[in-house]
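Given next are the chains, with one letter for each unit.
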4 protein chains.
Amino acid sequence: MKIELLSREKVFRDPVHDYIHVQHKVILDLINSREFQRLRRIKQTGASLFTFHGAEHSRFSHSLGVYEVSRRICDKFSRNYPSIADGDGLWDDSERLVVLCAALLHDIGHGPYSHTFEKIFNTNHEELTIQIILSDKTEINQILQTVAPDFPEKVASVIQKNYPNPQVVQLISSQIDADRMDYLLRDAYHTGVNYGRFDISRILRVIRPYKDGICFTYSGMHAVEDYIMSRYQMYMQVYFHPVSRGMEVILNHLLKRASDCYNTPPHPLKNNATFLIPFFENNWDLEDYLRLDDGVLTTYFNLWLDEEDPILSDLANRFLNRKPFKSVAFDHVNDGKIITEMTEIIERVGYEPTYYTAINNSYDLPYDFYRPDSVHPRTQIELMDHNGHLIELSTVSHLVASITGRAGGDERLYFPKEMIELSKEVNLFQQELERFKELKKQLEN
Amino acid sequence: MKIELLSREKVFRDPVHDYIHVQHKVILDLINSREFQRLRRIKQTGASLFTFHGAEHSRFSHSLGVYEVSRRICDKFSRNYPSIADGDGLWDDSERLVVLCAALLHDIGHGPYSHTFEKIFNTNHEELTIQIILSDKTEINQILQTVAPDFPEKVASVIQKNYPNPQVVQLISSQIDADRMDYLLRDAYHTGVNYGRFDISRILRVIRPYKDGICFTYSGMHAVEDYIMSRYQMYMQVYFHPVSRGMEVILNHLLKRASDCYNTPPHPLKNNATFLIPFFENNWDLEDYLRLDDGVLTTYFNLWLDEEDPILSDLANRFLNRKPFKSVAFDHVNDGKIITEMTEIIERVGYEPTYYTAINNSYDLPYDFYRPDSVHPRTQIELMDHNGHLIELSTVSHLVASITGRAGGDERLYFPKEMIELSKEVNLFQQELERFKELKKQLEN
Amino acid sequence: MKIELLSREKVFRDPVHDYIHVQHKVILDLINSREFQRLRRIKQTGASLFTFHGAEHSRFSHSLGVYEVSRRICDKFSRNYPSIADGDGLWDDSERLVVLCAALLHDIGHGPYSHTFEKIFNTNHEELTIQIILSDKTEINQILQTVAPDFPEKVASVIQKNYPNPQVVQLISSQIDADRMDYLLRDAYHTGVNYGRFDISRILRVIRPYKDGICFTYSGMHAVEDYIMSRYQMYMQVYFHPVSRGMEVILNHLLKRASDCYNTPPHPLKNNATFLIPFFENNWDLEDYLRLDDGVLTTYFNLWLDEEDPILSDLANRFLNRKPFKSVAFDHVNDGKIITEMTEIIERVGYEPTYYTAINNSYDLPYDFYRPDSVHPRTQIELMDHNGHLIELSTVSHLVASITGRAGGDERLYFPKEMIELSKEVNLFQQELERFKELKKQLEN
Amino acid sequence: MKIELLSREKVFRDPVHDYIHVQHKVILDLINSREFQRLRRIKQTGASLFTFHGAEHSRFSHSLGVYEVSRRICDKFSRNYPSIADGDGLWDDSERLVVLCAALLHDIGHGPYSHTFEKIFNTNHEELTIQIILSDKTEINQILQTVAPDFPEKVASVIQKNYPNPQVVQLISSQIDADRMDYLLRDAYHTGVNYGRFDISRILRVIRPYKDGICFTYSGMHAVEDYIMSRYQMYMQVYFHPVSRGMEVILNHLLKRASDCYNTPPHPLKNNATFLIPFFENNWDLEDYLRLDDGVLTTYFNLWLDEEDPILSDLANRFLNRKPFKSVAFDHVNDGKIITEMTEIIERVGYEPTYYTAINNSYDLPYDFYRPDSVHPRTQIELMDHNGHLIELSTVSHLVASITGRAGGDERLYFPKEMIELSKEVNLFQQELERFKELKKQLEN
């Protein structure tokens, strides 16, 4: 493995971590690569900025942050817990570079509004991350190869969680990893809410390696508990905000409508959407994917304002000019009949339900212990007492126990705001709209 | 004048001012207008993010901030200095709405990377601001008209500085106005530097109206001085950063090359750049302008990567993938010959000077007193002593005096980084490159 | 009631709330009174500064902060929920002054290290608060009387929770009152931990009056939940820190020993402790109490370093020079025998157990709903949904439910650190000390 | 030299630097010494808290902070500029321990309100610092001796600026040293003003050793400039605040009156002021000095409230209960006659001028270059360009040049506030008071 250090440390000023410190040439080269620079043009929190206007930061900034957190952890580990003998469960600092690269690149496969985009076009940002790292056509791959021919595979395997050293894997992906630590702090910073500001200094003091991964000294239990609470609050108050989801629903329907127009045209697209065509045709490759960014999508949306298809241009207008769908929460066990009736009214009033209604649920498991039979068993958070015994977090924290394995979030019906904004003029559908509002009120009680 | 208040105050969470408070329906409508939402897609500090990656915030956020600062000043004024009789030089709160609208809209005419764009395409964001406010085709104008038929004119005249009440004008444009107060704080917040964090709470305590505009109580002298220092530091350390200017130079040349290719093609553009064509043809209208945003430009740059014209695709690549031109400062009085020789070498090595070199100067007058004979005479900052006399700031502050009327900044020659990065292979132009580096060194001493 | 406003608002710069705004002459006079200025000499968090050295702030700063929080709440209430008709459950702003005075004075009866001091000398800071407000010998009382002859009684009754308007009472004392809001933020600020930094801006947006007190709009549920978590974390991580308690134990024993020496002298006190004598003699009046402050105590401790009594001078030294007792947590149900044996060893080694051991338990009920049969039933936190119905917090928050009615904290045995710091020299008591450490280890497993 | 490292780093949570990191046993022992713990009872900014109530922090916190800043600088130096050969002008990390000890102890000789106290009692905190370090009766000395017998002398010589290595000396005392960096940040943090918040992260990046001391890389010029501005602002706005000085004047007169009463009694002191007697008798030793702290002084002031001497008890009351003298600025060149007349009126009205008036001037030289003929020539701030040449700061910064060698501050006459607060009742001295106010107004114009 060829590890080249910079003659002089290079820094990037960062509002969250003060400075990002780069000491390895390969890291600097990765940052300067085409695939990584592209992350500047992809926002970190998608539609959240329509609720919290400050959330305009990119995946580029976040990726630098994850890198920096992981670098600081490596520093702590190598200073306080250096491995002396094989298998002693301590930190082997020759893992540092693979950690740093994986941290920096863990989100490299994200595209514009990924979570919505992939539902429509069957892309998968996790698979794409691996592809970008492994494909010898990318600059990322070529740079990683300068370290060692099998280095790209190593980095990829960390992200895929099958790298042999569990400490390395858990630094990058676990319930308290460098990724989450950065995004909670960064998203809190930019949205202007306080909820995400857990005590990272203290977390970095109590984190430690052990033979099966990373854990936390018992004295840091409350700091870890506090981090879980921050995460929970950010999901409840920011990430699941109903208005942002009202914009995501529009985006989803808009992309779907464009695809439908392209493929089964009553109203064929006049304007070519060059970069999207491979996706409409479900025949895209990595190069096509790497051309996409937030600006590409909004540029096409801008073009579609003038399309003949009324649904397409209407949805484009709603997205570009922030006209979110409204919503009401419901309980899918008991409220099915009401939802059906509401959907029928929406259709009767003239909105095509496929494009003008949506059921959207946002749920998050704020924490869970390891359940071997689960679909995605989680690496549980372990505390180490001063005798070296491990204790799973929720067994000692009532707070964490109270939300362990219990999904937080809700399920909502989305619909055009026109359904509840009665205009003052006489309305053909006055009766339907009144009924709609009545049903909405029933759900709210 | 019809002033409609919202039944319930509406707030926007803001990372800089905590909350933006909206009490008037017209303000909410303006924020929701198409022209204003468009500002979400235009970054506040242009190419600064290539140096300070956190500077990803938009003109949308800044405009809300200017609105909020001006709203707080109106609150102070109406509480502490309400006008009792005409001409008493105190605050007439019936001016509030025109202040708030002007504050919110003062940047509405900005387009993507305006400062660079306007040099190439003869757009002018200040004139466009007025046009957007006055043209009856915009939503902005229609919303303003709901207040009074002449209200758009009023708002425009505040921005044009010919509104009769000088207090209103100076709140929006003077050497210490709501605009500057917001951008210093906001740009400091996002870049992560401290320099811009002056003490706005104290400034808002000492600001006051008087018959010829706004001034500051004498006891606040040091707070005002501190604000001037913040502004000076932000210019020196952030806005004039040589690397950001190295990206602006590329952007300038890229837009110019695209225009040249379109108009005088050896290599005609293959890909249509729909939204730019009216600008290439120097035949655009307001509607064309409103279609532009940062994403539109980068989308075309992305397309141009594949153009046949090697200069166009090279410059597009340099901009998208952050490969700034390097630079060296010089003194245009004494260093003319060196600059000429350096430029000639660049050309000899094979770079067309029009697109691969630039002289860029960035100067700012951090403060000046009123000079009636100046091209742009400035409203000087006045302090009011407890006898009601006014004292111009620089007469009592040595610090401010030391930078008054003295432009800060520098002049630089920009060139491709390849000129100073000698590759290890034998190079045809080795001798020229050595000479180039030697000349550069001479300038640096 | 005579309410005199200041001709110009007076402000105090505050690190937590930016500015404290004083608009009433009576408030300014109260702040300038002798009894209130005395709070500058009494630390807010007592022995916490021996663990978190930054916690050096006084009850003076905190009292200003509580005043300011309550003032802001009054502003919100009077702007958003002004009472229109008697009994409408909205806010009657004529209550403002009694709220502000009660907020400012709620801690006026505190003395130096009150919680420890009162255990030894039977003082009671809550009764003393009332006495200071009601006794016509205090400046506080005389100032309050300028408002109305019965105004002192009114202010006192708010603090005693029998003022008729429950909104007023709950602003000052409830599970989420102005007092707690200030101390969480202020103690977090000075200790340097993040745990106490809940989102006060949002809390102040969702707080509202209703006919039986104050409540929170349902949409603010998570913000209230977050406040409860902050409070819980501050108790667990700061207020109950074992080291601070190790200093409180010493203080307790030191005061007790001094009192014992004075009253039952083998070693009579040589140095007069003028200000403490009335307390030693259990014959003190309000004037005696008002002479006490942190500095008075440490001045006597300093004198006692030279006393003949070895226990007194040793404990004085331990307190002044920060030599905390060490401790071990135990379970009083199961560990009784071990504790007994440990205490016996301490005695055998030569330490008088009364002054050199202690059982200290610190428990806090982070939240509870109203339990009519409880000794101190709590005003539960209510959320108001948009139909005006009230919902008790723990019924909708799993997190809060998990800690509702469940005391957090622990019970510890305290002992001199010499018991576990084996010196290298041969030690007469080597065997006892070994056994002691063994027992300690048993408790820790 | 015996350097013992702790088996595990010990940290102190700090609100300004996040954590203070202690790695050497000797540092921990010094912190735990009697003389150092005493600093907890001495406030950092003396009477400033009477203006900025938050400024309640102690010299203990500040001393830890100076230690931490110097530790971070040593880390930077040893990482980036390690000496390779003798005399290469780079950093010799074997100097680290002497730097850390000198940083920690540089203020150990401070007593309560030193600046005022030393004027009355001829103590000198700088000499006392040296004495505490060198006297073999102190714990400090004994701990330092464990490193090496001559280690106390070494530490003392750093503080006295005659240690051979100028880098070590300048880290502790120069115009931009660890001491000033900490107090600007810390005092800003606790007062709640922003002025002191310079960009320490960047300063720590650009600071570097050279053969004659420490300097800064040229690229950091603006960051250093910004630090000078912060320092200037803190002096102008915080340290020289007229109200704090009005309290210092009272303290000065109070201590003087007590000394006069003791020594030339018309009214002998009834209450013994045990700890002050050696100072009244001008016959004190180090042990006497170490007994003093803020609380000792206020305890005696409290006792003196009941003294027969009316001036003593009145001044004690004014200090304890914050009744500052008022003041007016004047120009000692031109205003001598007015000041004389004002002083005469004060005397005529019945106030003894020695105790009820004062001329107080506060001036600071925010920066100066090295002037060999000056009484206290200053180590000038040097910038190193990339050729290794040194450039004195004020030659390249107009801002710094404008305040170089120019003292900022003012001169004021202090007097009892009763002189300008006309009571409503008929006043014997009405005419004198009117004249007094007239003269004051003349000075203010």
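- Identification of chain A as HD domain-containing protein from Granulicatella balaenopterae is taken from an unreviewed UniProt entry.

### A closer look at the overall build of chain A
Inference 1: Within chain A one finds 22 helices and nine strands.
Inference 2: Considering only C-alpha atoms, chain A reaches an extent of 80 × 50 × 40 Å along its principal axes.
Inference 3: Among the 445 residues that make up chain A, the fraction classed as buried is 52%.
Inference 4: Pairs at least 24 residues apart make up 67% of the contacts formed inside chain A by residues separated by at least 6 positions.

### As for the packing of helix 13 (residues 242–263) of chain C against helix 17 (residues 310–320) of chain C
All names here are of chain C.
Inference 1: Viewed as axis vectors pointing N to C, helix 13 and helix 17 meet at an angle of 150°, and their least axial separation amounts to 9 Å. Considering the angle they form, helix 13 stands roughly antiparallel to helix 17. The handedness of the crossing between helix 13 and helix 17 comes out as left-handed. Across the interface between the two elements, Met247, Ile250, Leu251, His253, Leu254, Arg257, Ala258 and Cys261 from helix 13 touch Ile311, Leu312, Leu315, Ala316, Arg318 and Phe319 from helix 17.
Inference 2: A per-class count over the contact of helix 13 with helix 17 returns 11 nonpolar, one polar and two charged.

### Some thoughts on the UniProt feature "domain: HD" (unreviewed entry) in chain A
Inference 1: Feature annotation in UniProt assigns "domain: HD" (unreviewed entry) to the following positions: residues 59–184 of chain A.
Inference 2: Helix makes up 63% of residues 59–184 of chain A and strand 0%, with an end-to-end C-alpha separation of 13 Å.

### Overview of the interface of chain C and chain A
Inference 1: Contact residues are listed per partner, giving 20 residues for chain C and 20 residues for chain A.
Inference 2: Counting only elements with at least two residues in the side of chain C that touches chain A, the list comes to helix 12 (221–239) and helix 21 (398–403) of chain C.
Inference 3: Looking at which element gives the most residues to the side of chain C that touches chain A, the answer is helix 12 of chain C, with six residues.
Inference 4: Per-class residue counts for the side of chain C that touches chain A are eight nonpolar, eight polar and four charged.

### A look at the domain arrangement of chain A
Residue and element names in this part refer to chain A.
Inference 1: By domain assignment, chain A separates into domain 1 (5–240 + 387–405), domain 2 (243–323) and domain 3 (325–366 + 409–445).
Inference 2: The C-alpha-based centres of domain 1 and domain 3 are spaced at 39 Å.
Inference 3: Taken residue by residue, the interface counts seven residues in domain 1 and five residues in domain 3.
Inference 4: Considering only residue class, the side of domain 1 that touches domain 3 consists of five nonpolar, one polar and one charged.

### Quick word on the interface of chain A and chain B
Inference 1: Taken together, the 36 residues of chain A in the interface contact 35 residues of chain B.
Inference 2: Looking at the side of chain A that touches chain B, the elements with two or more residues in it are strand 1 (5–14), helix 2 (34–37), helix 3 (59–80), helix 10 (178–191) and helix 16 (294–304) of chain A.
Inference 3: Counting residues per element, the side of chain A that touches chain B draws most heavily on helix 16 of chain A, at seven residues.
Inference 4: Taken together, the residues of the side of chain A that touches chain B sort by class into 10 nonpolar, 16 polar and 10 charged.

### Re the sheet that holds strand 5 (residues 326–330) of chain A
Backbone-to-backbone hydrogen bonds join strands into a sheet, with any given pair of strands oriented parallel or antiparallel.
All names here are of chain A.
Inference 1: The antiparallel open sheet is built from three strands, whose spatial order is 5-9-6. The outermost strands of the open sheet, each flanked by one partner alone, are strand 5 and strand 6 (358–364). Along the sheet, successive strands turn relative to each other by an average axial angle of 30°, direction set aside.

### A short note on the relation of the copies chain A and chain B
One copy of the chain maps onto the second through a rotation about an axis and a displacement along it.
Inference 1: Aligned on chain B, chain A shows an RMSD of 0.0 Å; the corresponding rotation is 180° and the shift along the axis is 0.0 Å. Such a combination of turn and shift is consistent with a two-fold rotation axis. Residue Gly295(A) of chain A places its C-alpha closer to the rotation axis than any other residue of that unit, at 1.7 Å.
Inference 2: Same-surface contact between copies: 97% of interface residues of chain A are shared with the interface of chain B.

### Considerations on the packing of helix 18 (residues 336–349) of chain C against helix 22 (residues 430–444) of chain C
Residue and element names in this part refer to chain C.
Inference 1: Interaxial distance between helix 18 and helix 22 falls to 10 Å at its minimum, and their mutual angle equals 155°. Accordingly, the angle class assigned to the pair helix 18 and helix 22 is roughly antiparallel. Like other packed secondary-structure pairs, helix 18 and helix 22 cross with a definite hand, here left-handed. Together, Ile338, Glu341, Met342, Ile345, Arg348 and Val349 of helix 18 and Glu432, Arg435, Phe436, Leu439, Gln442 and Leu443 of helix 22 make up the contact between the two elements.
Inference 2: Classifying every residue of the contact of helix 18 with helix 22 by side-chain character gives seven nonpolar, one polar and four charged.

### Section: the environment of Leu28(D)
All names here are of chain D.
Inference 1: Within the element layout of this structure, leucine 28 appears in helix 1 (residues 25–31).
Inference 2: Between the alpha carbons of leucine 28 and leucine 6 there is a distance of 8.8 Å; along the sequence they are 22 residues apart.
Inference 3: Discounting chain neighbours no more than four positions away, the residues touching leucine 28 are Leu6, Lys10 and Val22.

### Brief notes about the nonpolar core
Inference 1: Val155(B) and Val155(D) are the most contacted members of the largest nonpolar core, which totals 264 residues.
Inference 2: Aside from chain neighbours lying at most four places away, what touches Val155(D) is Val98(D), Cys101(D), Ala102(D), Leu105(D), Ile133(D) and Leu144(D).
Inference 3: Among the nonpolar cores identified, the runner-up in size contains 263 residues, and Val69(A), Val155(A), Ile108(C) and Leu292(C) belong to it.

### Remarks on the sheet that holds strand 5 (residues 326–330) of chain B
Residues and elements named next belong to chain B.
Inference 1: Spatially, the three strands line up as an open sheet ordered 5-9-6, and their pairing is antiparallel. In this open sheet, the two strands that pair with only one neighbour each are strand 5 and strand 6 (358–364). Averaged over all pairs of adjacent strands, the angle between their axes in this sheet comes to 30°, without regard to strand direction.

### Structural notes on the relation of the copies chain C and chain A
Inference 1: Superposing chain C onto chain A takes a rotation of 180° plus a shift of 0.0 Å along the axis, which leaves an RMSD of 0.0 Å.
Inference 2: A shared binding surface is used by both copies, with 100% of the interface residues of chain C retained as interface residues in chain A.

### So, unusual backbone geometry
A negative phi holds for most residues other than glycine; trans holds for most peptide bonds.
Inference 1: Positive phi, close to 50°, is recorded for Asn282(A), a residue that is not glycine.
Inference 2: Along the chain, Asn282(A) turns up in the loop between helix 14 (277–280) and helix 15 (286–290).

### Focus: the confidence of the model for chain A
Inference 1: In this model, chain A carries a mean pLDDT of 94, and residues with pLDDT of at least 70 account for 98%.
Inference 2: Scored by ipTM, the complex comes to 0.95, with pTM at 0.95.

### Brief notes about helix 18 (residues 336–349) of chain D
Residues and elements named next belong to chain D.
Inference 1: The terminal C-alpha atoms of helix 18, which comprises 14 residues, lie 20 Å apart, in line with the 20 Å expected from a rise of 1.5 Å per residue.
Inference 2: Looking at helix 18, one finds that the buried residues are Met342, Ile345 and Ile346. All buried residues of helix 18 fall inside an arc of 100° around its axis, so they share one side. In helix 18, the exposed positions that point more than 90 degrees away from the buried face belong to Gly336, Lys337, Thr340 and Arg348.
Inference 3: Check the buried side of helix 18 and you find it contacts helix 19 (353–356), strand 9 (408–415) and helix 22 (430–444).
Inference 4: Where helix 18 ends, the next residue or the one after it, glycine 350, has phi of about 120°, a positive value.

### Focus on the environment of His241(A)
Inference 1: Summarising the element assignment, His241(A) is placed in the loop between helix 12 (221–239) and helix 13 (242–263).
Inference 2: Excluding anything up to four places from it in sequence, His241(A) contacts Ser48(A) and Thr51(A).

### Details of the pairing of strand 4 (residues 213–217) of chain C
All names here are of chain C.
Inference 1: Looking at chain direction, strand 3 (residues 207–210) and strand 4 are connected through four bridges and run antiparallel. Bridge pairing in strand 4 places isoleucine 207 opposite phenylalanine 216.
Inference 2: Two strands pair when backbone bridges link them, and strand 4 and strand 7 (residues 382–384) are joined in this way by two bridges, in the parallel orientation. Along strand 7, the bridge assignment pairs phenylalanine 216 with leucine 383.

### Notes on the environment of Thr51(A)
Residues and elements named next belong to chain A.
Inference 1: Checked against the element boundaries, threonine 51 lands in the loop between helix 2 and helix 3.
Inference 2: The sequence separation of threonine 51 and valine 224 amounts to 173 residues, and the corresponding C-alpha distance is 29 Å.
Inference 3: Once residues within four sequence positions are removed from consideration, threonine 51 is found in contact with His241, Val243 and Ser244.

Definitions and limits used
Residues numbered from 1 in each chain as written. Chains lettered and ligands numbered in written order. Predicted model: local features only at pLDDT ≥ 70, side-chain atom pairs only at ≥ 80, totals over all residues. Helix = DSSP H or I, 4+ residues; strand = E, 2+ residues; numbered from the N terminus. Buried ≥ 20, exposed ≤ 12 C-beta atoms within 10 Å, placed from the backbone. Contact = placed C-beta atoms within 7 Å. Axes fitted to C-alpha atoms, helices over the stretch in contact; angles between N-to-C directions. Parallel < 35°, antiparallel > 145°, perpendicular 65-115°, else oblique. Left-handed = near helix turned anticlockwise from the far one by under 90°. Nonpolar A, V, L, I, M, F, W, Y, C, P; charged D, E, K, R; others polar. UniProt positions renumbered as here; feature names shortened; annotations may be inferred. Domains from an automatic or database assignment. Pairing = 2+ DSSP bridges. Least-squares fit on C-alpha atoms with pLDDT ≥ 70 in both. Core = buried A, V, L, I, M, F, W, Y, C linked by C-beta atoms within 7 Å. pLDDT = per-residue confidence, 0-100. Expected span 1.5 Å × (residues − 1). Arc of directions from axis to C-beta.

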